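# Structural overview
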Amino acid sequence: MGDISETKAMELEVVEECPVKQVDLTVPKTDDPTLPVVTFRMWVLGLASCVILSFVNQFFWYRRSPLTVTSVSSMIAVVPLGHLMARTLPHRVFFENTRWEFTLNPGPFNIKEHVLITIFANSGAGTVYATHILAAVKLFYKRELMFLPALLVMMTTQVLGFGWAGIFRKYLVEPGEMWWPVNLVMVSLFRALHVKEKRPKGGTTLNQFFLLVLVSSFAYYVLPGYLFIKLQFFSWLCWLAPKSVLVQQLGSGGKGLGIGSIGFDWATISSFLGSPLASPWFATANIAVGFFLVMYVMTPLTYWLNVYKAKNFPIYSDDLFMSNGEKYDIGSIVDPMFHLDKKAYEQKGRVHISTFFAMTYGIGFATVTATLVHVLLFDGRDLWRQAKSAFKDNKKMDIHTKLMKKYKSVPTWWFVVILVSNIALVLFTCEYYNESLQLPWWGVLLACAIAFFFTLPIGIIAATTNQVPGLNIITEYVIGYLYPERPVANMCFKVYGYISMSQALTFISDFKLGHYMKIPPRSMFMAQVVGTLVAVLVYTITAWWLMEDIPHLCDTSLLPPDSPWTCPGDHVFFDASVIWGLAGPRRIFGNEGEYGNVNWFFLVGAVAPLLVWSAHKTFPNKKWIRFIHMPVLLGATSMMPPASAVNFTSWLIVAFLSGYVIFKYRPGWWKRYNYVLSGGLDAGTAFMTVLLFVALQPKNISLQWWGNSEDDEGCPLAACPTAKGVIADGCPVI
C-alpha cells in the first residue's frame, strides 16, 4: 500500500508552477498523506544516525584534518538498512484499536521516513560550536570548567537557535520565494534513492555503488591513516632542499605556501572546505582565484617586505608571539580571576600575530562588507521583490504550501515557550556560574538582541542567494569593546549572539526540506527537538571523554611531532579569545594596537563588489563577469587558519575534476553518481579512522619508517623565522 502510494505520488504531477524555476523543475508537486512517517525504524535509524554522526564529527574535530561527515552519508547508508528492516521485522500490531496503536513494520520503507531520519542525522552533522569554549578553557587556559555549566552552555546555544527558527519560519519557510537552494540537492538525492531501479547491464545501482565506494575508501584509509602518513601532506618540494628555509617555506603544505603539495587522503581534501564534489564550478573558480591571491600574492609580498615584522615569525602560523618571535605565554598574563593582568601585560609587551594571520583577519573584515554590498547590488532588486511578496498578507501560496495545509501546523507559542524558557535558563546559567562563564545578564540580552535582529535579514539572503554573511567578527568586536579583558565572556557572547543565529538558519533550512518533502510539521518539530538534545549530549560526552583519555590533547608543545591530535580549529578559537576577549580589540586592532590599518579591509570589501558590478554594467555582453562573486572570492581563505595550503590545493584539484571535467564531459555519470561518491568517501574514511583509533591508539601501536617519520611532512624548517638574530628551536640563526 505504502509502496504503491509512494510510486504514484512521485509519478503524478500537478500542473501548477512555483515562483522559482529551479524549484519547479526539481521538487515534486504531489503528496501522499497516507505514508507512515513516525515509525519504529525511523526512531531506530534516526537516533542511530544522530548518535553516530555526533560522535564521529566531535571525534574528528580535534584531529589535524577534522573531517566532517555530513548527513548525506547517513542518508545513503540507511537506505539498505531501511529496506532490510521492512523485509524482516514482524508486522504484528500492538495496542490495537487504541490511541497507542503501533507496529514495528507498517510496510515498505518510504521516502518520508527517510527524510525524517535525515533530519535526525542533520542534528548530529551540524557541530555544537560551544564545545570550543570547553576546549579553550580546559585545554588551552588550563582552568577548571565543570561538566554541568559546559553542558548547559552547549544545550542552550542549540535550543536558542531553535527558538529563533520557530519565530521566523512563517517568513523564511512558507513563501515560495524563500527557496533555500541547498535543499534542492537533497530533494534530488531523495528522489533518486527511492526510484525503483534494476541494475543496468555492466553498471551498478546507486546502493551498490555506495557500498563499493564505502568499502574501497574504508580499505584505502589504512594507508594515509596508519601505514604511510606522509600521504596526508605529500610535500615533495621540501625534499629537494632539506636545509633550505626558503624552499621549505615554498613547498610545505602544512606550514608554508604549499607549492606542489597535495594530499592523497580524503580527510585532508574535505576537512575544512567540505566535499569538493558538491561545489559548483563557478564557486570553485572563485575560491581558486581567492586562494591564489591570498597565498601566492599577498602572503609572499607582506612577508618578504617584512610588513608588521613578518620575518620575526613563521610565514604561516596561528600562534601568538612576543615581538622577538618567541611564543607568547598567555597564562602569564591571566590573573586568578581569569581576567587580563594589566601589569603583567605591560611587562611582557603586546601580543603579536604572524602577518599572514593578521591579513586573514583583514580578509574576514572584507568578506562581511563584500557580502552585504554584493547582495545589495546584484540581488537587491530581486531580493526586495521576493521579500515584499513573502510578507504580503494576501500573498499567493505556492503549490507546496497548499499541500502542507492539510497537516496540523506547529503553533508559534510552542516555539515562544521554548525560547523564553531557554533565555531564562541562559540568564540563570551565566549568573549562577558567572565565575566560570563571566558573561553578565545584560550581555546575554544584548547577544539575544543581535541574534534576533540579524536572523531575518540574513535568513532572507541565505534563502535566496545561498550566501550567509559571517557575523562572528561583529559579535567579537562588540563585546570586546564593551566588556574587555574577559576571554570566556567573549566566547559565550559570540556563541549566543552569532552561533544561535547560524543554528537557527540550519533549523530553518531543515524546515524547508521537510516542506518540500511534505513531512507533517509536528513530526518535524519532534525530530528536531529530540535530535538536538541527543546530539548535544553525545557531543559533550565525546569531547569530555577525549579530553580525559588523550594525554596533552591540543597541546602541541607536549604532543609528539606526528600526533594527529593538534586541534587546529580549537587553537584558532583560543587565539581569537585572546585577541578579542583577553587583550581586547582596542589593544590589537584599535588605537593601542599594532594592527589598526587592517581595519581598512572593511572598506576594501565594500568597494570590491562595486567594481565588479560597474564592469558588469559597462560590458553587459561579457557574461563571465557576472560569475565573479566577491564574497566567495574574498571569503575563500576564511578557514585559513586552521586550514593549510595542502587542504586547498588538494580540494581545488578534485573540485575541478568533478565540477568541470566530469560535469562537462560525462554529465550523465556526474548526475547519477557524484553525490553518492561523496557520501561513500565520507563514510568509509570515518569508519576506518575510528577503527584505527579504537584498535591501535590505546596500545600505542605505531609503525616507524620514513613514511611515518616524526615530521611526517618532511618540512621541519618551514616554520622558521627569517629575521636576523631571531632564535627558534631547530632553526638556523640568520
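Residues numbered from 1 in each chain as written. Predicted model: local features only at pLDDT ≥ 70, side-chain atom pairs only at ≥ 80, totals over all residues. Heavy atoms only, no water.

## Brief notes about the overall build of the chain
The helix and strand tally for the chain stands at 29 helices and four strands. For 734 residues, the compact-globule formula gives about 27 Å, and the C-alpha radius of gyration of the chain, at 26 Å, lands near that figure. Within the span of the chain, comprising 734 residues, buried residues form 59% of the whole. Of the contacts made within the chain by residues no fewer than 6 positions apart, 80% connect residues no fewer than 24 positions apart. Total accessible area on the chain stands at roughly 31,100 Å², and carbon and sulfur atoms take up 65% of it. Between the mean site of the 57 positive side-chain charges and the mean site of the 47 negative ones, the chain shows a separation of 8 Å. (Helix = DSSP H or I, 4+ residues; strand = E, 2+ residues; numbered from the N terminus. Rg over C-alpha atoms; globule rule 2.2 N^0.38 Å. Buried < 20%, exposed > 50% of the residue type's maximum accessible area, 1.4 Å probe, protein only. Contact = heavy atoms within 4.5 Å. Areas by Shrake-Rupley, 256 points an atom, 1.4 Å probe, with all protein chains shown as cover. Lys, Arg positive; Asp, Glu negative; His and termini not counted. Charge placed at Lys NZ, Arg CZ, Asp CG, Glu CD.)

## Some points on the nonpolar core
Counting 203 residues, the largest nonpolar core has Tyr62 and Leu553 as the members making the most contacts within it. Here this core takes 17 residues from helix H22 (residues 487-516), the largest share from any one element. Tyr62 has contacts with Ala135, Ala543, Leu546, Met547, Leu553, Cys554, Pro564, Trp565, Thr566, Cys567, Pro568 and Asp570, leaving out every residue within four places of it along the chain. Listed in part, the five residues of the second largest apolar core include Tyr221, Tyr226, Met688 and Leu692. (Core = buried A, V, L, I, M, F, W, Y, C linked by side-chain atoms within 4.5 Å.)

## Focus on the packing of aromatic side chains
Scanning the model with the defined rule gives 54 aromatic pairs in all. Ring centres of Phe415 and Phe525 lie 5.3 Å apart, and the angle between their planes is 85°; on these two criteria the pair is classed as edge-to-face. One end of the pair, Phe415, is in helix H18 (residues 412-432); the other, Phe525, is in helix H23 (residues 521-549), with 110 residues separating them in the sequence. Overall, the relative accessible area of 1% leaves Phe415 in the buried class. Within the aromatic cluster, the residues linked to one another by ring pairs are Tyr308, Phe357, Tyr361, Phe365, Tyr477, Tyr481, Trp580, Phe589, Tyr595 and Phe602. Just above the ring of Trp565 sits the side chain of Arg63; from NZ or CZ to the centre is 5.0 Å. Just above the ring of Tyr328 sits the side chain of Lys348; from NZ or CZ to the centre is 5.6 Å. (Phe/Tyr/Trp six-rings, centres within 6.5 Å; stacked < 30°, edge-to-face > 60°. Lys NZ or Arg CZ within 6 Å of the ring centre and 35° of its normal.)

## Quick notes on unusual backbone geometry
Glycine aside, residues mostly have negative phi angles, and peptide bonds mostly take the trans form. Backbone torsion omega between Pro641 and Pro642 reads 15°, so that peptide bond is classified as cis. As for its placement among the helices and strands, Pro642 is situated in the loop between helix H27 (630-634) and helix H28 (645-665). Despite not being glycine, Lys142 shows a phi value in the positive range, around 60°. On the secondary structure map, Lys142 appears in the loop between helix H6 (131-140) and helix H7 (147-172). The exposed category is assigned to Lys142, whose relative accessible area is 53%. Positive phi outside glycine occurs at Lys518, with the angle close to 60°. Looking at the secondary structure, you find Lys518 in the loop between H22 and H23.

## Points about the state of the cysteines
One pass over the full model with this rule turns up three disulfides. Each sulfur in the disulfide pair Cys554 and Cys567 lies 1.9 Å from the other. Across the S-S bond linking Cys554 and Cys567, the dihedral sits near -80°, which makes this disulfide left-handed. Of this pair, Cys554 sits in the loop between H23 and helix H24 (568-583) while Cys567 sits in the loop between H23 and H24; the two residues are 13 residues apart in sequence, bridging distant segments of the chain. (Disulfide = S-S within 2.5 Å.)

## Some points on H22
With 30 residues, H22 should cover 44 Å at 1.5 Å per step; its first-to-last C-alpha distance of 43 Å lies within 8% of that length. Along H22, the sharpest change in direction is near 35° and occurs at Ile499. The buried count for H22 comes to 28 of 30 residues, which makes it a mostly enclosed element. Where H22 ends, the next residue or the one after it, Lys518, has phi of about 60°, a positive value. (Expected span 1.5 Å × (residues − 1). Bend = angle between axes of the 7 residues up to and from the residue.)

## Focus: a nonpolar patch on the surface
A cluster of nonpolar side chains, Tyr220, Leu223, Leu227, Trp236, Trp239, Leu240, Phe264, Leu703, Trp705 and Trp706, forms an exposed patch at the surface whose accessible area comes to about 950 Å². Mapped onto the nonpolar patch, the elements with two or more residues apiece are helix H10 (222-227) and helix H11 (237-240). Assignment of secondary structure puts Leu703 in the segment after helix H29 (667-696). Its relative accessible area of 36% is what places Leu703 among the partly exposed residues. (Patch = residues over 30% accessible without salt bridge, like charges linked within 9 Å, V, L, I, M, F, W, Y side chains within 5 Å. Salt bridge = Lys/Arg side-chain N within 4 Å of Asp/Glu carboxyl O.)

## Concerning the environment of Ile458
Within the secondary structure layout, Ile458 lies in helix H20 (residues 441-465). The class for Ile458 is buried, based on a relative accessible area of 3%.

## Regarding the packing of H22 against H23
Where H22 meets H23, the closest approach of the two axes is 11 Å, and the angle between their N-to-C directions is 145°. Of the two possible hands of crossing, H22 and H23 adopt the one that is right-handed. Two secondary-structure elements touch here, H22 through Phe507, Asp510, Phe511 and Gly514 and H23 through Met524, Gln528 and Thr532. Taken together, the residues of the contact of H22 with H23 break down into three nonpolar, three polar and one charged. (Axes fitted to C-alpha atoms, helices over the stretch in contact; angles between N-to-C directions. Left-handed = near helix turned anticlockwise from the far one by under 90°. Nonpolar A, V, L, I, M, F, W, Y, C, P; charged D, E, K, R; others polar.)

## Side note on the packing of H7 against H22
For the pair H7 and H22, the least separation of the axes is 7 Å and the interaxial angle reads 50°. Judged on the interaxial angle alone, H22 and H7 are oblique. For the pair H7 and H22, the crossing hand works out as right-handed. Mapping the contact onto sequence places Val153, Thr156, Thr157, Gln158, Leu160, Gly161, Phe162, Trp164, Ala165, Arg169 and Leu172 in H7 and Val495, Tyr496, Ile499, Ser500, Met501, Gln503, Ala504, Phe507, Ile508 and Phe511 in H22. Tallied by class, the residues present in the contact of H7 with H22 amount to 14 nonpolar, six polar and one charged. (Parallel < 35°, antiparallel > 145°, perpendicular 65-115°, else oblique.)

## Topic: the pattern of salt bridges
Under the definition given, this model contains seven salt bridges. Note that Lys112 and Asp31 form a salt bridge whose closest N and O atoms lie 2.7 Å from each other. Of the two residues, Lys112 is situated in helix H5 (residues 111-125) and Asp31 in the loop between helix H2 (21-26) and helix H3 (40-61); the sequence distance between them amounts to 81 residues. Between Glu485 and Lys342 there is a salt bridge, and its shortest N-O distance comes to 3.6 Å. With Glu485 in the loop between helix H21 (472-482) and H22 and Lys342 in helix H15 (residues 342-348), this residue pair connects regions lying 143 residues apart in the sequence. Classification of Lys342 as partly exposed rests on a relative accessible area of 45%.

## What to know about the environment of Phe493
For Phe493, the location among the structural elements is in helix H22. By relative accessible area, which is 0% here, Phe493 ends up buried. Not counting residues up to four positions away in its chain, the partners in contact with Phe493 are Leu439, Gly443, Leu446, Ala447, Ile450, Thr475, Val478, Ile479 and Tyr498.

## Details of helix H14 (residues 281-304)
Helix length check: H14 (24 residues) gives 33 Å between terminal C-alpha atoms against 34 Å at 1.5 Å per residue, within 8%. Of all the bends found along H14, the most pronounced is centred on Met298 and spans about 30°, while Pro300, a proline, follows it within four residues. The positive-phi residue at the C-terminal boundary of H14 is Asn306, with phi of around 60°.

## Remarks on the side chain of Lys512
As for its placement among the helices and strands, Lys512 is situated in helix H22. Looking at Lys512, the relative accessible area reads 1%, which means it is buried. A polar contact is formed between the side chain of Lys512 and the backbone oxygen of Pro175, at a distance of 3.2 Å. When residues no more than four places from it in sequence are discounted, the contact partners of Lys512 are Val173, Glu174, Pro175, Met178, Trp179, Trp180 and Asn183. (Polar contact = N/O pair within 3.5 Å; in protein donor to acceptor, adjacent residues only side chain to side chain.)

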